[in-house]
Amino acid sequence: MTLNSKKICFITCVNNKLMFEECKLYINRLHIPEGYEIDVLSIEEASSMAAGYNEGMNASDAKYKVYLHQDTYLVDRYFLHEMLDIFKSDDDIGMIGSVGTVKLSSDGCMWNSDRIWCSYCPEVSNISGCDEYYRPGTYETENVSAVDGHLIITQYDIPWRDDIFHDFDFYDASQSMEFTKAGYNIVVPRFDKPLCVHDDGMILDLINYDTNRRIFLNEYKDMIPTASDMLSHYIEKLSPVPKLNLSYYADDDVYSEGDIENEVVGLIANNEPEDYTDAIFDNFSWSSFYHLTPIRRNILNWYPFDPDSDILEIGCGLGAITGMLCDIAKSVTCVELSKRRATGALLRCRHKTNLEIIVGNLNDIRFEKKFDYITLIGVLEYQGTCTDSDDPYTDFLKKIRSLLKPGGKLLIAIENRFGLKYWVGAHEDHTGVPFDGINDYSLSKSAIRTFSHRDLKELVKASGFKHSYFYYPMPDYKLPKVIYSQDQTPEDGNMHNMRPYYIPDAKSVIANEAALWHDIVKNGSFSFFANSFLVECSDTPVNEHVTFAVMNTERQKKYGVGTRTLSGGKVEKFDLYTGSGLSHLDTIIKNEEKLLANGVCVLPGKRGDRSISYDFINAPSLDSMVVDMIINNDASGIEDIFDRIYKDILKASSVVPAENNAILKLDKDAPTDPDLYGPILENAFIDMILRNAFMTDNKITWIDQEWTLENMPANYVMFRLLKEFGLSHRRLNDDLRFIYEKFGVLSMFDVYNRFERSFLQTVLDEKLLAEYNAFVPE
Amino acid sequence: MIIPTHESVQKTRQQASLIKDQVSKLLGQRSNYPEIISLLAKDDAASLSLSDQDIYILRIISETVSLEMENNTGYLLFDNRSIEELITLYKTLSLYLRRIEFDLPDDLKAEVLDYILKEKISVIAVVSVIQNNMSIVDKDKVTDGIMNLLESIL
């Protein structure tokens with residue numbers, strides 16, 4: 001058929017007439033270039049997109065063909081002029097799209113590739129008045145390898161592959177490959193205005209997507225980048241600052257989770273470093289969460305590294321903690337067996353100026369310097385397969401010890417072979433077999449192994465280290481929220497509301513781990529059953545340790561602080577994210593000053609570089625005092641303490657008129673009787689909870705006052721105090737019912753709880769919390 | 001994006017179908033609306049809404065009806081409509097509202113108003129669709145536009 005070079009044909013596969021009629025409204029208002037005519041073909045009941053487009057292509061003699069979805073609305077009224085200008089500028093341009101990718105992901109999926117686009121959507125633009133102007137002339141375009149099928153414009157006819165694509169997926173990527181094979185270029189215009197809106201409803205029918213994807217990958221295997229190509233592409237695109245040292249790389253990634261790592265590397269490459277919450281949310285899986293969540297940093301973000309130190313990170317993986325180490329030390333050297341993982345870490349730390357990543361086996365590497373710290377997080381257990389020796393674990397640790405400077409420390413994190421989670425039936429983390437570690441791996445016969453507390457201590461000693469100090473990250477070292485130590489074990493089984501979790505699932509779990517912790521702690525067996533260990537190994541004695549730490553990682557970064565205690569009893573609040581939480585630390589200091597000015601007894605903190613430190617208080621906390629009083633049935637003692645707390649709450653702030661009550665302004669369902677609320681405080685110090693108070697010389701001394709809220713009922717502060725106590729000591733909650741009633745909290749509980757949820761929404765990172773809760777259920 | 005397998009999509013469809021059947025049975029009586037709202041607010045529906053378009057739309061409609069009920073709106077979106085009709089209404093309204101966003105001719109914009117009046121769609125429902133529809137980008141423009149149209153008939 002001779003093609004008419006003055007004709008443009010719109011071809012649409014239609015199964016929804018309403019949508020198509022709407023689509024035609026936009027086509028009908030396009031400016032038609034002088035001398036040209038347009039035609040609109042709808043193909044109904046097409047068996048597949050490729051078949052439908054072939055039918056339309058063959059039915060029209062138009063040289064220029066616009067293939068568009070029925071839910072694509074052409075909002076740029078000069079669209080036809082612009083397309084013709086682009087095609088006429090270069091005969092080699094065969095295809096134009098509005099969304100395309102320069103480098104198609106090795107899994108063939110356009111969504112996993114870098115995309116450029118001039119479609120109208122929230123991510124790209126907020127432009128209205130799309131047809132404001134037409135500028136005839138040369139347009140900047142970007143060559144792409146594939147375009148999305150919602151809008152494809154061609155100036156040559158090449159058959160669509162209806163022989164292999166029988167559904168509604170991958171016809172577009174396939175056609176892009178066919179045009180490339182025919183020697184044509186594919187472009188996406190670099191417009192500052194959108195061409196179209198694609199209203200696909202955001203959620204697609206992907207029932208046959210994977211099947212077609214495999215057909216596509218097989219058909220075009222020589223044209224699609226390999227995973228290795230993608231890594232090179234990312235490096236070229238992002239130009240990371242740190243050095244990737246491949247001189248020890250054996251060209252074989254012996255440890256891998258599989259292709260899922262490519263996806264995670266893609267997420268790292270396509271997002272700003274450490275800003276992954278949205279990426280995890282949109283690409284939700286254990287792998288994306290595990291590798292990218294900031295909660296991973298909790299294994300060491302509380303540890304007092306010397307800022308002038310050199311750190312060796314053995315087995316950096318995809319860089320979960322590497323960036324943090326770079327921020328707190330003078331230099332970081334990473335060793336990673338897998339080039340793919342090392343590249344992920346490199347891209348993640350692409351702006352760091354003090355990092356080198358060496359790809360290879362530690363045993364093969366010659367280091368030019370020694371280190372102040374060496375970290376071995378989730379690595380030791382694999383030495384049965386990685387270190388060629390009769391005693392691989394001891395020899396591996398000996399080798400590491402030789403890399404330490406005098407006074408240097410090794411930090412080992414590993415699961416406890418006898419961790420309580422395994423006793424209740426959780427899958428062993430490496431072999432996936434329940435009860436495997438407890439049975440000395442006789443069930444899986446795996447060469448990977450973890451150790452008991454005693455065995456690990458002896459291994460460290462046999463490696464030559466004179467001193468070891470045990471930490472117990474809970475629920476485990478991978479997603480720790482609280483860190484105990486050999487000098488500070490839990491007081492009860494609650495462990496700061498610690499929740500266990502099980503990957504891949506809890507199907508093999510036969511007992512309630514959370515409930516069992518109470519008796520284990522009470523019987524002094526915590527260290528035997530702790531789920532993980534973090535061991536600090538050194539040749540020289542360490543005078544001061546952090547003995548306890550708890551991290552508030554689920555908060556927005558600007559409120560991200562942790563609390564740690566040091567040997568000697570000193571307490572510190574510290575910034576979790578190397579900078580983001582500093583202004584929140586300043587707020588805490590200001591709150592303390594306000595309380596002191598109002599005559600409330602406060603232990604003042606000393607502001608340091610990234611922390612606030614508090615002197616040791618040799619006094620029981622009100623929390624432990626109330627627990628003791630409940631156990632001893634001392635109701636009058638309890639009432640006395642709460643009366644005194646209430647006096648301090650009132651003392652902390654001036655009172656404002658009842659009509660200023662913030663709860664009434666925000667909650668239209670809240671009762672309006674002012675007597676229900678008690679005095680309304682101009683500046684309520686809502687962190688006046690039992691854990692933040694101590695009895696010193698018969699006076700209540702407060703610490704850690706992070707939050708104030710304006711115009712809040714004094715009884716709301718009591719609510720928070722009682723709720724926090726109740727969450728930490730569920731078994732004792734009923735014993736304080738009379739206090740709930742005395743301060744009007746019982747009748748107003750739902751009202752205060754609603755407000756509390758609203759308040760928490762302003763503090764927490766809701767997406768991060770949702771991601772965490774998906775794997776660590778409440 | 002995590003690429004779903006054929007089996008996982010089928011499973012999602014089955015789960016979504018169960019919820020839609022439950023909703024279908026409850027539609028038709030106003031006394032059942034709180035139960036529908038509660039059903040669609042649950043975690044499993046929320047989770048399914050990430051991968052099933054109908055559940056996604058039904059959740060938006062359900063939250064809208066909840067608002068309508070709180071505000072004592074006379075005619076509620078759920079009234080006298082099946083699930084298919086509800087989804088069609090949502091999609092049709094979304095299409096029409098786009099005419100305002102992209103300044104289509106006045107006669108076409110007037111059809112938007114005609115549709116809203118004919119279908120007895122409350123202002124709350126219109127605003128809800130504007131706010132929840134991801135492909136309506138300039139939400140302020142569309143909201144102002146539709147309010148102007150509604151005011152023109154008062």
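Up top is the structure these notes are about.
Asks: So, the overall build of chain B: which residues are in play, and what are the values?
Replies: Within chain B, the regular secondary structure consists of eight helices and zero strands. Each helix and strand of chain B, placed in order from N terminus to C terminus, yields the pattern α-α-α-α-α-α-α-α. Since a compact globule built from 154 residues should have a radius of gyration of about 15 Å, the 17 Å found for chain B is in line with a globular shape. C-alpha atoms of chain B, sized along the principal axes, occupy 50 × 40 × 20 Å. For chain B, the proportion of its 154 residues judged to be buried stands at 52%. When contacts within chain B are restricted to residue pairs at least 6 apart in sequence, those whose partners lie at least 24 apart make up 62%. Summed over its atoms, the accessible surface of chain B is roughly 7,500 Å², and 51% of this surface lies on carbon and sulfur atoms.

Asks: Lay out the overall build of chain A in plain terms, naming residues and giving numbers.
Replies: Along chain A, the regular secondary structure elements total 25 helices and 31 strands. Expressed along its principal axes, the backbone C-alpha trace of chain A runs to roughly 100 × 75 × 50 Å. When each of the 778 residues of chain A is scored for burial, the buried share is 58%. Taking the contacts inside chain A whose residues are at least 6 apart along the sequence as the reference set, 74% of them involve residues at least 24 apart. Here chain A has roughly 31,700 Å² of accessible surface; of this, 47% comes from carbon and sulfur atoms. Here chain A contributes 78 positively and 120 negatively charged side chains, and the mean placements of these two sets differ by 4 Å.

Asks: Can you lay out the sheet that holds strand 28 (residues 680-685) of chain A for me, pointing to particular residues and giving the numbers?
Replies: Residue and element names in this part refer to chain A. A sheet is described by the order of its strands in space; here three strands give the open sequence 27-28-31, paired in antiparallel fashion. Since the sheet does not close on itself, it has two edges, and those belong to strand 27 (655-656) and strand 31 (708-713), each with one partner. Strand direction decides the pairing type here: strand 28 and strand 31, joined by five bridges, are antiparallel. Looking at strand 31, one finds that Ala684 is bridged to Leu709.

Asks: Explain the nonpolar core to me, and be specific about the residues and the numbers.
Replies: Residues and elements named next belong to chain A. Formed by 57 residues in total, the largest nonpolar core has its most connected members in Leu622, Phe642, Ile645, Met688, Tyr716 and Leu736. Here this core gets eight residues from one element, more than from any other, and that element is helix 22 (residues 714-728). Apart from residues lying up to four places away in sequence, Tyr716 is in contact with Ile686, Leu709, Tyr752, Phe755, Glu756 and Phe759. Phe367, Leu397, Ala426 and Val482 belong to the second largest nonpolar core, which has 48 residues in total.

Asks: Summarise the side chain of Asn32(B); cite the residues concerned and give the values.
Replies: Residues and elements named next belong to chain B. Tracing the backbone shows Asn32 in the loop between helix 1 (6-26) and helix 2 (33-41). Asn32 gets classed as buried once you look at its relative accessible area, which sits at 16%. Within polar-contact distance, the side chain of Asn32 engages the backbone oxygen of Leu26 at 3.1 Å.

Asks: How would you explain the sheet that holds strand 11 (residues 185-189) of chain A if you had to name every residue and give the values?
Replies: Strand pairs in the sheet, formed through backbone hydrogen bonds, run parallel or antiparallel to each other. Residue and element names in this part refer to chain A. Pairing is mixed across the open sheet formed by seven strands, whose spatial order is 2-1-3-10-5-11-8. Either end of the sheet is taken by a strand with one partner, and the two such strands are strand 2 (37-44) and strand 8 (141-144). For this sheet, the mean inter-axis angle between neighbouring strands, taken without regard to orientation, is 25°. The pairing of strand 3 (residues 62-68) with strand 10 (residues 151-154) spans four bridges and is classified as antiparallel. Residue pairing across strands places Tyr67 opposite Ile152, the latter belonging to strand 10.

Asks: Give me the lowdown on the interface of chain B and chain A, citing residues and values where you can.
Replies: Listed as interface residues are 32 residues of chain B and, on the opposing side, 39 residues of chain A. With both sides pooled, the region where chain B packs onto chain A buries about 3,100 Å², and carbon together with sulfur makes up 64% of that total. Summed over the shared surface of chain B and chain A, the result is three salt bridges. Here Glu70(B) makes a salt bridge to Lys668(A), at a shortest N to O gap of 3.9 Å. On the surface where chain B and chain A come into contact, there are five residue pairs in polar contact (both at pLDDT 80 or more). Sorting elements by how many residues they give to the side of chain B that touches chain A places helix 5 (residues 83-101) of chain B first, with six residues.

Asks: Outline the packing of helix 1 of chain B against helix 4 (residues 53-70) of chain B, listing residues and values.
Replies: Residue and element names in this part refer to chain B. In contact at an axis separation of 9 Å, helix 1 and helix 4 are set at 35° when each is read in the N-to-C sense. Helix 1 and helix 4 meet at a crossing whose hand is left-handed. For the pair helix 1 and helix 4, contact is made by Ala16, Ile19 and Lys20 and by Asp54, Ile55 and Leu58, respectively. A per-class count over the contact of helix 1 with helix 4 returns four nonpolar, no polar and two charged.

Asks: Which residues make up a negative patch on the surface, and what are the values?
Replies: A surface patch of negative charge is lined by Asp388(A), Asp390(A), Asp391(A) and Asp395(A). Within the secondary structure layout, Asp395(A) lies in helix 13 (residues 392-401).

Asks: Got a sec to walk through the pattern of salt bridges? Specific residues and values, please.
Replies: Residue and element names in this part refer to chain A. Counted according to the given criterion, the structure contains 57 salt bridges over all chains. The closest approach of N and O atoms between Asp440 and Arg449, which form a salt bridge, is 2.2 Å. Here Arg449 falls in the partly exposed class, since its relative accessible area comes to 21%.

Asks: Break down a nonpolar patch on the surface for me, with residues and values.
Replies: All names here are of chain B. Where nonpolar side chains cluster on the molecular surface, the patch consists of Leu117, Ile153 and Leu154 and spans about 350 Å² of accessible area. Here Ile153 lies in the segment after helix 8 (139-152). Its relative accessible area of 46% is what places Ile153 among the partly exposed residues.

Asks: An account of the pairing of strand 14 (residues 310-314) of chain A is needed here, citing residue identities and associated values.
Replies: Residue and element names in this part refer to chain A. Along strand 14, five of the five residues are buried, which leaves the element largely enclosed by surrounding structure. With burial as the criterion, each face of strand 14 is covered, one bearing Asp310, Leu312 and Ile314 and the other bearing Ile311 and Glu313. The sheet contact formed by strand 14 and strand 15 (residues 331-336) spans five bridges and is parallel. From the neighbouring strand, Asp310 faces strand 15, where its bridge partner is Ser331. For the crossover from strand 14 across helix 10 (residues 322-328) to strand 15, the handedness is right-handed.

Asks: Run through empty space enclosed by the protein, naming residues and quoting values.
Replies: To find the voids left in a structure, one rolls a probe of water-molecule size over its atoms. Going through the model one piece at a time under the given rule, you end up with three cavities of 30 Å³ or more. Looking at the lining of the largest cavity residue by residue, the class counts come to four nonpolar, one polar and four charged.

Asks: Before we move on, can you summarise the side chain of Glu68(B) with the specific residues and values?
Replies: Residues and elements named next belong to chain B. Mapped onto the elements, Glu68 comes out in helix 4. Within the buried core, Glu68 has no salt-bridge partner, and the shortest N-O distance to an opposite charge, that of Arg81, equals 7.2 Å. Within the local environment of Glu68, its side chain forms a polar contact with the side chain of Ser122, the two groups lying 2.5 Å apart.

Asks: With reference to specific residues and values, describe the packing of aromatic side chains.
Replies: What describes a pair of aromatic rings is the distance from one ring centre to the other and the angle between the planes of the rings. Residues and elements named next belong to chain A. Taken as a whole and judged by the stated rule, the model has 49 aromatic pairs over all chains. On the numbers, 6.4 Å between centres and 35° between planes, the contact of Tyr740 with Phe749 is tilted. Through pairs of rings, three or more aromatic residues link up here, namely Phe470, Tyr472, Tyr484, Trp517, Phe526, Phe533 and Phe548. Over the ring of Tyr290 we find Arg296, and its NZ or CZ is 4.0 Å from the ring centre.

Asks: So, the environment of Leu516(A): which residues are in play, and what are the values?
Replies: Residue and element names in this part refer to chain A. With respect to the helices and strands, the residue Leu516 is situated in helix 16 (residues 513-522). According to the relative accessible area criterion, Leu516 is partly exposed, its value standing at 35%. Once the C-alpha coordinates of Leu516 and Val424 are considered, the two residues, 92 residues apart in sequence, prove to be 9.4 Å apart. Residues contacting Leu516, with those up to four places away along its chain left out, are Leu420, Val424 and Ala511.

The rules behind each value
- Residues numbered from 1 in each chain as written.
- Chains lettered and ligands numbered in written order.
- Predicted model: local features only at pLDDT ≥ 70, side-chain atom pairs only at ≥ 80, totals over all residues.
- Heavy atoms only, no water.
- Helix = DSSP H or I, 4+ residues; strand = E, 2+ residues; numbered from the N terminus.
- Rg over C-alpha atoms; globule rule 2.2 N^0.38 Å.
- Buried < 20%, exposed > 50% of the residue type's maximum accessible area, 1.4 Å probe, protein only.
- Contact = heavy atoms within 4.5 Å.
- Areas by Shrake-Rupley, 256 points an atom, 1.4 Å probe, with all protein chains shown as cover.
- Lys, Arg positive; Asp, Glu negative; His and termini not counted.
- Charge placed at Lys NZ, Arg CZ, Asp CG, Glu CD.
- Pairing = 2+ DSSP bridges.
- Core = buried A, V, L, I, M, F, W, Y, C linked by side-chain atoms within 4.5 Å.
- Polar contact = N/O pair within 3.5 Å; in protein donor to acceptor, adjacent residues only side chain to side chain.
- Axes fitted to C-alpha atoms, helices over the stretch in contact; angles between N-to-C directions.
- Buried area = accessible area lost by both parts, 1.4 Å probe.
- Salt bridge = Lys/Arg side-chain N within 4 Å of Asp/Glu carboxyl O.
- Left-handed = near helix turned anticlockwise from the far one by under 90°.
- Nonpolar A, V, L, I, M, F, W, Y, C, P; charged D, E, K, R; others polar.
- Patch = residues over 30% accessible without salt bridge, like charges linked within 9 Å, V, L, I, M, F, W, Y side chains within 5 Å.
- Right-handed = clockwise from strand over helix to strand, strands pointing away.
- 1 Å grid on protein atoms, 1.4 Å probe; cavity = no way out; pocket = protein on both sides within 12 Å on 5 of 7 lines; lining within 4 Å.
- Points joined across faces, edges and corners; volume = space filled by probe spheres on them.
- Phe/Tyr/Trp six-rings, centres within 6.5 Å; stacked < 30°, edge-to-face > 60°.
- Lys NZ or Arg CZ within 6 Å of the ring centre and 35° of its normal.

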